[in-house]
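Residue-level listing of the chains:
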Amino acid sequence: MTVMLGVPQVRLGSRGGAGASQLAQYGARPSSASAPGLVDSFGRSATDLRISLTDKCNLRCTYCMPAEGLPFLPTPKLMQRDEIVRLARLATERLGVRQVRFTGGEPLLRKDLVEIIRGVAALDARPEISLTTNAIGLAGRAVALADAGLDRVNVSLDSICAETFAIITRRPFLDKVLKGIDSLGAAGIGHTKINAVLIPGVNDTEGPDLLAWALAGGHQLRFIEQMPLDADHIWDRDIMITAAEMRRRLSERFQLTPDSEPRDGSPAELYQVRARGASLDDPSLGTVGIIASVTEAFCEDCRRTRLTAEGGVRSCLFSHTETDLLGPMRAGAGDDEVADLWRAAMWAKPSGHGMNAAGFVQPERPMSAIGG
């Protein structure tokens, strides 16, 4: 154990470490002078900021949103461009954030997305800027986003079969998604990540085909365990496709070897991919990631802080509470006050999401309202 920013830090191995329940909790919150970053009482420091730009989406994915949609926030309640840039400035210049990812809902639905990215890219402490999107409409905006300063894109795509895609998303837009992905290379945005959820009886047999497609395109595919963040609250742990089952199914066609690079706070456990039966001396075809939020939780090394589209801090994706920053900002709060509210919210971060504990209660707000 070493001391950093005045807070004892739990040093973890590159591929795991103490479970969240084993983290040591510390005493009173340190002063902003001794711990200026977004530290919590378990010694973690949030350096990865997720900013939701809207709760609206143009898909209706079965594991996220009802077919009829949800009541969406009125525009005046959403953070405006200058407010988003101000919070990103506080995060990067005062609170130690090094990565900013824009999420939703669907962030491409923000007409001012290019201007938001340009504003964050112009900050003195410029962070890495990424976007999580369904890629619908991306083809027409990729160049402008790249010119504004976008560094990387994560695309949510659960199937490359048009029929399956339509079943999951309730929309026939696969061709638009694929065009959006194809546009990234021409725009100069590389290292695209593809996020996929496997759903029992729907696309659970398509994992190897999806991986083969991603490898051929030079993308990194990441399979994500389905989480209890659906608006209908019908998630069932007993039938979800687990990380272990994902590895088993992929191994029927590919050889997976744990990647040797440190995980370094990433939610994805990476594996080098080779053809089944290949020698470990053979070149890798690429990597695949598995994000096992449910069965192999990585809370002990969580480095994320989240802002909802209406300016609320969530210290954990599964929080039941939020700390409002937008209200105080609009009421005239200065940078020092807003930054300290943010620090206090993160100091109260729990040791883990509690999903595996008896009595776990799913958050009322679905993923589309929280922002991933």
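Higher on the page you've got the structure.
These notes cover the structure that comes with them.

Reading guide: rules and limits
- Residues numbered from 1 in each chain as written.
- Predicted model: local features only at pLDDT ≥ 70, side-chain atom pairs only at ≥ 80, totals over all residues.
- Heavy atoms only, no water.
- Helix = DSSP H or I, 4+ residues; strand = E, 2+ residues; numbered from the N terminus.
- Buried < 20%, exposed > 50% of the residue type's maximum accessible area, 1.4 Å probe, protein only.
- Contact = heavy atoms within 4.5 Å.
- Areas by Shrake-Rupley, 256 points an atom, 1.4 Å probe, with all protein chains shown as cover.
- Pairing = 2+ DSSP bridges.
- Right-handed = clockwise from strand over helix to strand, strands pointing away.
- Core = buried A, V, L, I, M, F, W, Y, C linked by side-chain atoms within 4.5 Å.
- Axes fitted to C-alpha atoms, helices over the stretch in contact; angles between N-to-C directions.
- Arc of directions from axis to C-beta.
- 1 Å grid on protein atoms, 1.4 Å probe; cavity = no way out; pocket = protein on both sides within 12 Å on 5 of 7 lines; lining within 4 Å.
- Points joined across faces, edges and corners; volume = space filled by probe spheres on them.
- Nonpolar A, V, L, I, M, F, W, Y, C, P; charged D, E, K, R; others polar.
- Phe/Tyr/Trp six-rings, centres within 6.5 Å; stacked < 30°, edge-to-face > 60°.
- Lys NZ or Arg CZ within 6 Å of the ring centre and 35° of its normal.
- Salt bridge = Lys/Arg side-chain N within 4 Å of Asp/Glu carboxyl O.

1. Regarding the overall build of the chain
When helices and strands are counted, the chain shows 10 helices and 16 strands. When the 372 residues of the chain are sorted by exposure, 54% land in the buried category. Considering only residue pairs separated by 6 or more positions, the chain has 72% of its internal contacts joining residues 24 or more positions apart. When the accessible surface of the chain is summed, it comes to about 15500 Å², and 52% of that surface belongs to carbon and sulfur atoms.

2. Regarding the pairing of strand S6 (residues 99–103)
Counting buried positions along S6 yields 4 of 5 residues, so the element is predominantly enclosed. Relative to S6, strand S5 (residues 48–52) is paired through 5 bridges, and the arrangement is parallel. By the bridge assignment, Asp48 is partnered in S6 with Gln99. With helix H1 (residues 81–93) bridging S5 and its parallel neighbour S6, the resulting β-α-β unit is right-handed.

3. Points about the nonpolar core
One broad rule of soluble globular proteins: the nonpolar side chains tend to lie buried together. In this structure, Phe102 and Trp342 are the most contacted members of the largest nonpolar core, which totals 96 residues. Apart from residues lying up to four places away in sequence, Phe102 is in contact with Ile51, Leu53, Ile84, Pro107, Ile116, Ile117, Val120, Ile129, Ser130, Leu131 and Thr132.

4. Regarding the sheet that holds strand S7 (residues 128–133)
Strands sit in the order S11-S12-S13-S10-S9-S8-S7-S6-S5-S14-S15-S16 across an open sheet of 12 strands; the sheet is mixed. Only two strands of the sheet have a single neighbouring strand rather than two, namely strand S11 (254–258) and strand S16 (323–324). With 5 bridges connecting them, S11 and strand S12 (residues 269–275) associate as antiparallel partners. In the sheet register, Pro258 faces S12, and the bridge partner there is Tyr271. Each of strand S9 (193–197), strand S10 (220–224), S11, S12 and strand S13 (286–291) is contacted by helix H6 (residues 207–217), which is oriented at about 150° to S10, the strand it contacts most. On top of the sheet, helix H9 (residues 335–347) reaches S5, strand S14 (304–307), strand S15 (312–314) and S16; it is set at about 125° to S14, its chief contact.

5. A look at helix H7 (residues 243–250)
Those residues of H7 that sit buried are Ala243, Met246 and Leu250. Along the axis of H7, the buried residues cluster in a sector spanning 55°; they form a single face. Residues of H7 that are buried sit in contact with H6, S10, S11 and S13.

6. Observations concerning empty space enclosed by the protein
Enumeration over the complete set of coordinates arrives at 2 cavities of 30 Å³ or more. By volume, the second largest cavity amounts to about 30 Å³. Lining the second largest cavity we find Arg29, Pro30, Ala35, Gly37, Val39, Arg343 and Trp347. Class assignment for the residues of the lining of the second largest cavity results in 4 nonpolar, 1 polar and 2 charged.

7. A look at the packing of aromatic side chains
Scanning the entire structure with this criterion turns up 0 aromatic pairs. A cation sits over an aromatic face here: Lys176 above Phe173, 4.4 Å from the ring centre.

8. Thoughts on the pattern of salt bridges
On inspection of all chains with the given rule, the structure shows 22 salt bridges. The closest approach of N and O atoms between Arg303 and Asp301, which form a salt bridge, is 3.1 Å. Among the residues examined, Arg303 registers a relative accessible area of 21% and is labelled partly exposed. By relative accessible area, Asp301 is classed as partly exposed at 22%. Each of Asp204, Glu245, Arg248, Arg249 and Glu252 takes part in a single network of salt bridges with overlapping partners.

9. Let's talk about the environment of Lys56
Summarising the element assignment, Lys56 is placed in the loop between S5 and H1. Residue Lys56 is classed as partly exposed on the basis of its relative accessible area of 35%. Residues Lys56 and Phe72, 16 residues apart in the sequence, show an inter-C-alpha distance of 6.2 Å. Non-local contacts of Lys56, meaning those with residues more than four positions away in its chain, are made with Phe72, Leu73, Gly105, Glu106 and Leu109.

10. Some words on unusual backbone geometry
When glycine is set aside, most residues are seen to have a negative phi, and most peptide bonds are trans. A cis amide bond, omega 20°, links Gly104 with the succeeding residue Gly105. Counting through the fold element by element, Gly105 comes out in the loop between S6 and helix H2 (113–121). Although it is not a glycine, His191 sits at a positive phi angle of roughly 55°. With respect to the helices and strands, the residue His191 is situated in the loop between helix H5 (174–187) and S9. Although it is not a glycine, Asp264 sits at a positive phi angle of roughly 55°.

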